[in-house]
Amino acid sequence: MDGLVVAVCLQASLSMAPVNIFRHGADEEKAETARLSSFIGAIAIGDLVKSTLGPKGMDKILLGGGKGGSVTVTNDGATILKAIGVDNPAAKVLVDMSKTQDDEVGDGTTSVTVLAAELLREAELLISKKIHPQTIISGWRKATHVAREALREAAVDHSNDSARFQEDLLNIARTTLSSKLLTHHKDHFSQLAVAAVMRLKGSGNLEAIHIIKKLGGSLTDSYLDEGFLLDKKIGVNQPKRLENVNILIANTGMDTDKIKIFGSRVRVDSTAKVAEIESAEKEKMKEKVDRILKHGINCFINRQLIYNYPEQLFARAGVMAIEHADFAGVERLALVTGGEISSTFDHPELVKLGHCKLIEEVMIGEDTLIHFSGVAMGEACTIILRGATQQILDEAERSLHDALCVLAQTVKEPRTVYGGGVDIAVDNCCSEMLMAKVVSDLANRTPGKEAVAMESFAKALMMLPTIIADNAGYDSADLVAQLRAAHMENNTTCGLNMSEGTVGNMAELGITESFQVKRQVLLSASEAAEMILRVDNIIKAAPRSVHHASATNNLSFRLRLFPCYVFSWTCMYKGSKDETHKV
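Being a predicted model, the structure only gives us computed values, none of them experimental. (Residues numbered from 1 in each chain as written. Predicted model: local features only at pLDDT ≥ 70, side-chain atom pairs only at ≥ 80, totals over all residues. Heavy atoms only, no water.)

### Here we look at unusual backbone geometry
So, point 1. If you check the backbone angles, Lys130 has positive phi at about 70° while not being a glycine.
So, point 2. Of note, Lys130 is situated in the loop between α5 (109–128) and α6 (133–154).
So, point 3. One non-glycine residue, Asn490, lies in the positive phi region at around 65°.
So, point 4. Structurally, Asn490 can be placed in the loop between α15 (476–488) and β16 (494–497). (Helix = DSSP H or I, 4+ residues; strand = E, 2+ residues; numbered from the N terminus.)

Below is the structure:
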């Protein structure tokens, strides 16, 4: 009997002893600790960007590292979140979600981050009341479904009426730009953005729209050019204007050919031998230029440098040569002219040339650019941005890019919803309050704890107009109460007018937003918040040992040295039939 008691006690003591199954240095956070860590990280990310929300939102200054640290002034949520480094896993989820929102629809990045953070803030309160995370998630899913259906029913489609649809596009562009740097010039830039997107003829291919930034002038000096501009210069002694142009776009070395073996040296016993080598190099380059000219071109554009000798050869042949075009510029140029980028020239019949009606030099400010007009892709165009500082130009480009992305999505999905008000943010108060109302109605009809989760979802939705009003310096409690009362009376087109600090009718004010953007905000925020809420363990891997790291470094060092051994033999370079020079 005593032996049995001892065995039971021993088994109990062993079962209570802590067992570490992870490698030394690994860390684990369990249950409430892990959940609290996730909530804190996600809410901190939301608090970081929520002050930028709305037409009266504030800007952030982002300082780059290093000696010449770059300075970025922006209120764009995606730009801010890309620039910061986070260690908290839940915070990384929200950062990745913001990037996805930017890639998918181009706007609403701040809205989706703030909404997800507010959902998790509400979830933290429910967890403290001992409501299980799965119960909360079940209520949220039902709330998301009815909110999406309400948004779909409220959407309108004017794609059959071209005049009204174009007016919708202008209103969407104005609404998008209202929370950006360009808010004071939104009418001008809305016209530019809509004109550029309408040229795409429904394709939505934003690669055909090129944006060039040039210091000088003011933002209102920006304009749309119906053609393609390349920020480069034409070579010396070459034609500055060409008509009916055949263009060969290449990515090939046009420098004087050298012996490309690392660490090699050429030894000669006289300067005459050097001259022979140089002559052979020139002859090889001349043969390459001759192969290029056999394509029947009068314009050659290269991704890499073109040295003096080949440039002279092109000038003698009357061919315009443009060097060192940046890779993005070359890719876009090939797209709009209908050509392809080539690197070999032995088979001209396999090379696809680009074509345009006219190439000429133009002046913008004090800079000379190359203008391509009459390109194969007729929808191609260039927007030239002017501004006083580089920071203003960069922020203007980000703002205009958001507007172009939203307009391109609206052309594909023409349904629209009413926005928030005059000078109102991209983040739609009218739709948020509409969705919050239907979710609250569902909560009132639902028994059990799920109703509490649904009500928390509605509160999170209502936090967006609250934050927008707070950022504008108005009494958010009063404004949101008025807006909620208006929606309870079925005035579903009411939103916040931030220019006057009142509740206004969005249909009368012409404030319109893309249905696609708003739907994506709702779905992405709810899915990200649900995923974070499911977490009950955070396991951090053990850091790499010093021995393993040093072994890896030694291996990579040997691999870096290996090419020196490979190319250490003696090479022979034949300068003539009867003479041989060591390399």
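### Concerning the sheet that holds strand β18 (residues 512–514)
So, point 1. Strand order in this open sheet of 3 strands is β4-β15-β18, and the pairing throughout is antiparallel. The open sheet has two edge strands, β4 (156–157) and β18, and neither has a second partner.
So, point 2. The pairing of strand β15 (residues 415–418) with β18 spans 3 bridges and is classified as antiparallel. Residue pairing in the sheet places Thr416 in a bridge with Ser514 of β18. (Pairing = 2+ DSSP bridges.)

### Some thoughts on the environment of Ala376
So, point 1. Turning to its location among the elements, Ala376 is positioned in the loop between β13 (367–373) and β14 (381–387).
So, point 2. Other than its neighbours up to four places away in sequence, Ala376 contacts Val336, Thr337, Gly338 and His355. (Contact = heavy atoms within 4.5 Å.)

### Focus: the confidence of the model for the chain
So, point 1. Residue-level pLDDT values for the chain average 80, and 84% of them are 70 or greater.
So, point 2. This model gives residues 4–8 a pLDDT under 50, and the stretch forms 0 contacts once residues within four places in sequence are excluded.
So, point 3. A low-confidence stretch, residues 420–428 stays under pLDDT 50, and its non-local contacts, those more than four residues away or across chains, total 54 contacts. (pLDDT = per-residue confidence, 0-100.)

### Considering the side chain of Glu379
So, point 1. Checked against the element boundaries, Glu379 lands in the loop between β13 and β14.
So, point 2. Owing to a relative accessible area of 18%, Glu379 belongs among the buried residues under this scheme.
So, point 3. Leave out the neighbours within four places in its chain, and Glu379 touches Arg199, Leu200 and Ala208. (Buried < 20%, exposed > 50% of the residue type's maximum accessible area, 1.4 Å probe, protein only.)

### Re the nonpolar core
So, point 1. Counting 119 residues, the largest nonpolar core has Trp140, Ile247, Cys299, Ile359, Phe372, Ile383 and Leu404 as the members making the most contacts within it.
So, point 2. Top contributing element to this core by residue count: helix α14 (residues 450–471), with 11 residues.
So, point 3. Apart from the residues lying within four places of it in its own chain, the contact partners of Trp140 are Leu119, Leu120, Ala123, Ala453, Ser456, Phe457, Ala529, Glu530 and Leu533. (Core = buried A, V, L, I, M, F, W, Y, C linked by side-chain atoms within 4.5 Å.)

### Description of the packing of α5 against α14
So, point 1. Contact geometry for α5 and α14: axes closest at 9 Å, N-to-C directions at 140°. When the interaxial angle is binned, α5 and α14 end up oblique. In terms of crossing hand, the pair formed by α5 and α14 is right-handed. Between α5 and α14, the residues in contact are Ser111, Val114, Leu115, Glu118, Leu119, Glu122 and Leu126 and Val452, Ala453, Ser456, Phe457, Lys459, Ala460, Leu461, Met463, Leu464 and Ile467, respectively.
So, point 2. A breakdown of the residues in the contact of α5 with α14 according to their chemical character gives 12 nonpolar, 2 polar and 3 charged. (Axes fitted to C-alpha atoms, helices over the stretch in contact; angles between N-to-C directions. Parallel < 35°, antiparallel > 145°, perpendicular 65-115°, else oblique. Left-handed = near helix turned anticlockwise from the far one by under 90°. Nonpolar A, V, L, I, M, F, W, Y, C, P; charged D, E, K, R; others polar.)

### A short note on the packing of α5 against α6
So, point 1. Viewed as axis vectors pointing N to C, α5 and α6 meet at an angle of 135°, and their least axial separation amounts to 10 Å. One finds that α5 runs oblique with respect to α6. Both α5 and α6 take part in a crossing whose hand is right-handed. Along the contact surface, α5 presents Leu119, Leu120, Ala123, Leu126 and Ile127, while α6 presents Pro133, Ile136 and Trp140.
So, point 2. Residue composition of the contact of α5 with α6, grouped by class: 8 nonpolar, no polar and no charged.

### Some thoughts on α14
So, point 1. Here α14 is 22 residues long and its end C-alpha atoms lie 32 Å apart, about the 32 Å a rise of 1.5 Å per residue gives.
So, point 2. For α14, the principal kink sits at Met463 and spans about 25°; a proline, Pro465, occurs within the next four residues.
So, point 3. Most of α14 sits inside the fold, with 16 of its 22 residues counted as buried.
So, point 4. Directly beyond the C-terminal end of α14, a positive phi value near 85° is found at Gly473. (Expected span 1.5 Å × (residues − 1). Bend = angle between axes of the 7 residues up to and from the residue.)

### What about the packing of aromatic side chains?
Aromatic rings considered in pairs are described by the distance between their centres and by the relative angle of their planes.
So, point 1. Applying the stated criterion across every chain, the model contains 2 aromatic pairs.
So, point 2. For the ring pair Phe300 and Phe314, a centre distance of 5.0 Å and an interplane angle of 20° mean the geometry is stacked. Residue Phe300 is located in strand β9 (residues 299–302), and its partner Phe314 is located in helix α10 (residues 308–316); the two are separated by 14 residues in the primary sequence. Here Phe300 and Phe314 have matching classes, each one buried. (Phe/Tyr/Trp six-rings, centres within 6.5 Å; stacked < 30°, edge-to-face > 60°.)

### A word on α5
So, point 1. A rise of 1.5 Å per residue sets the reference length of α5, with its 20 residues, at 28 Å; its end C-alpha atoms lie 29 Å apart and thus fit the reference within 8%.
So, point 2. For α5, a buried count of 16 out of 20 residues is recorded, marking the element as mostly surrounded by other parts of the structure.
So, point 3. Just downstream of α5 lies Lys130, where phi reads positive at about 70°.

### What about the sheet that holds β14?
So, point 1. One open sheet accounts for 3 strands, arranged β5-β14-β6; its pairing is mixed. At either end of the open sheet lies a strand with only one pairing partner, and these are β5 (209–215) and β6 (223–225). Each strand axis lies, on average, 25° off the axis of its neighbour in the sheet, ignoring direction.
So, point 2. Bridging between β5 and β14 involves 7 bridges; their strand directions are parallel. In the strand pairing of β14, His210 is matched with Thr382.

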